[in-house]
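Architecture at a glance
Below, each chain spelled out in residue letters.
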Amino acid sequence: MSADHVHPVNFDPADAGHDPHEAHEPHEHRAVRIGIGGPVGSGKTALTAALCRALGGSVNLAVVTNDIYTTEDADFLRAAGVLDVERIEAVQTGACPHTAIRDDITANLDAVELLEHRIPGLELVIIESGGDNLTAVFSRGLVDRQIFVVDVAGGDKVPRKGGPGVTTADLLVINKTDLAPMVGADLGVMTADAHRMRGALPVISQSLVDTPDAPAVADWVRAQLRTLAAVS
Ligand SMILES: Nc1nc2c(ncn2[C@@H]2O[C@H](COP(=O)(O)OP(=O)(O)O)[C@@H](O)[C@H]2O)c(=O)[nH]1
Ligand SMILES: [Mg+2]
């Protein structure tokens, strides 16, 4: 892992040069950006790897990972061989992960733009947040769509606890359904609570053990790419 693949967060807003609250309009030369957030261990990196496997053959894609002190998630994806190494960039947040995806998005924007320059015709960048709490969502200045991942092992109370991730993410994924019997989680309750909290916004329940390539989420991502391409 070479140092030039790591982008430490610059915390000086004066140097940021980007308004984190200004929404990006997708355009011809800009890849669609999809954020994946959610608590530590819910399965964000596993979902990122699954999407790379499912979409990598047909979509020109790259990944930005966010870790607090390490490049663990990027290292995992490189070792898993789901993408060529030049398509994976790591941001070291050095602080609570939500800082780098919501408050000062400079390091993440720099990593995305570096990938766009490096890879001609790049269509999609998946940005994985570091694990945070239920309040951590991406700035709309950084991503066009965001997925929030919670898992069954966290207990069936999680969806009804709400928070912006659960209630406002463009897609909520309830992951690790295979573990429901082991932890006594009621999937029916989780799904019903999730729909109640989210209104019309979509919810996908999945197990990456049972369906390692996350087909339902991959279909949702393809649909977003079609929609965003149509409006650009
Ligand atoms: N049983 C089960 N384990 C999973 C599933 N998805 C991810 N995991 C495991 O959960 C752990 C945490 O996953 P990871 O993707 O690193 O979580 P992250 O911290 O949100 O990025 C890893 O050991 C994964 O292999 C799933 O659907 N079922
Ligand atoms: Mg991770």
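All chains use their own residue numbering, which begins from 1 and follows the written sequence. Written order determines the labels here, with chains lettered from A and ligands numbered from 1. Reporting of local features is limited, given that this is a predicted model, to residues whose pLDDT is at least 70; pairs of side-chain atoms are given and counted only at 80 or more, and all residues count toward the totals for whole chains, interfaces and linings. Side-chain measures here rest on the full set of heavy atoms in the structure, leaving out hydrogens and waters.

1. Description of the overall build of the chain
Quick reminder of the rule: Secondary structure elements are defined from DSSP: runs of H or I of at least 4 residues count as helices, runs of E of at least 2 residues count as strands, and each element is numbered from the N terminus. Relative accessibility thresholds used throughout: buried, under 20% of the residue-type maximum; exposed, over 50%; partly exposed, between the two (1.4 Å probe, protein chains only). Residue contacts are counted whenever heavy atoms from the two residues lie within 4.5 Å of one another. Note that accessible areas follow from Shrake-Rupley with a 1.4 Å probe, and for residues the cover is restricted to the protein chains shown.
The helix and strand inventory of the chain stands at ten helices and eight strands. When burial is assessed residue by residue, the chain has 54% of its 232 residues classed as buried. For the chain, contacts bridging at least 24 residues in sequence account for 81% of all contacts bridging at least 6. When the accessible surface of the chain is totalled, it reaches about 9800 Å², and 55% of it is carbon and sulfur.

2. Regarding the packing of helix α2 (residues 44-55) against helix α10 (residues 215-231)
In helix packing, the relevant descriptors are the interaxial angle and the interaxial distance, both defined with respect to the helix axes. What counts here: What counts as an axis is a line fitted to C-alpha atoms, over the stretch in contact for a helix, and the angles between N-to-C directions run from 0 to 180 degrees. Should an angle lie under 35 degrees it is considered roughly parallel, over 145 roughly antiparallel, and from 65 to 115 roughly perpendicular; all remaining angles are considered oblique. In this scheme the crossing of two helices becomes right-handed for a clockwise turn of the near helix relative to the far one and left-handed for an anticlockwise turn of less than a right angle. Following the grouping adopted for this structure description, the nonpolar residues are Ala, Val, Leu, Ile, Met, Phe, Trp, Tyr, Cys and Pro, the charged ones are Asp, Glu, Lys and Arg, and the polar ones are all others, Gly among them.
Following both chains from N to C, one finds α2 and α10 inclined at 65 degrees, their axes separated by 10 Å at the closest point. For the element pair α2 / α10, the angle class is roughly perpendicular. Between α2 and α10 lies a crossing whose hand is right-handed. Taking contact as the criterion, the partners of L47, L51, A54 and L55 in α2 are, on α10, V217, A218, V221 and R222. Tallied by class, the residues present in the contact of α2 with α10 amount to seven nonpolar, no polar and one charged.

3. Digging into the site of ligand 1
Applicable threshold: A single heavy atom is enough: if one lies within 4 Å of a molecule or strand, its residue is considered near that molecule or strand. Here a polar contact is recorded for every N or O atom pair within 3.5 Å, except that within protein the pair must consist of a potential hydrogen donor and a potential acceptor, and residues adjacent in sequence are included only if both atoms are side-chain atoms.
Close contacts around ligand 1 come from 16 residues, with G41, K44, A46, D178 and L208 the closest. Note that an oxygen atom of ligand 1 is positioned 2.8 Å from one of the backbone N or O atoms of G41. When ligand 1 sits alone it has 580 Å² of accessible area, and the protein chains cover 66% of it. Here the residues of the shell around ligand 1 are counted per class, giving six nonpolar, six polar and four charged.

4. As for the nonpolar core
What counts, and what does not: Side-chain atoms within 4.5 Å are what join buried Ala, Val, Leu, Ile, Met, Phe, Trp, Tyr and Cys residues into a set we call a nonpolar core.
L47, L51, L55, L124, I147, V217 and V221 are the most contacted members of the largest nonpolar core, which has 33 residues in total. Among residues more than four places away in sequence, those in contact with L47 are I36, I147, V149, Q206, L208, A214 and V217. In terms of nonpolar packing, the next biggest core, distinct from the first, is built from 18 residues, A31, V112, L115 and V125 among them.

5. Quick notes on the coordination of the magnesium ion (ligand 2)
To be explicit about the condition: Distances up to 2.8 Å from the metal define which N, O and S atoms are donors, and 3.2 Å serves for Na, K and Ca; water is absent from the atom set, so sites may look incomplete.
For the magnesium ion (ligand 2), the full set of protein donor atoms is T45 (OG1), D73 (OD) and E128 (OE), and the range of their distances to it is 2.1 to 2.3 Å. In terms of primary sequence, the donors binding the magnesium ion (ligand 2) are separated according to T-x27-D-x54-E. You can see T45 sitting in helix α2 and its partner E128 sitting in strand β5 (residues 124-128), a full 83 residues away along the chain. For T45, a relative accessible area of 12% translates into the label buried.

6. Considerations on helix α3 (residues 72-80)
The condition that has to hold: Note that the arc is computed from the directions linking the helix axis to the C-beta atoms.
D73, A74, L77 and R78 are the residues of α3 that are buried. The arc that holds the buried residues of α3, viewed along the axis, is 135 degrees, so those residues lie on one side. Exposed and facing more than 90 degrees away from the buried side of α3 are E72 and A79. Contact partners of the buried residues in α3: α2, β3 (61-67), β4 (88-92) and β5. A positive backbone phi angle near 70 degrees is found at G81, which sits one or two residues after α3.

Such coordinate-based values are descriptive only and should not be taken to indicate function.
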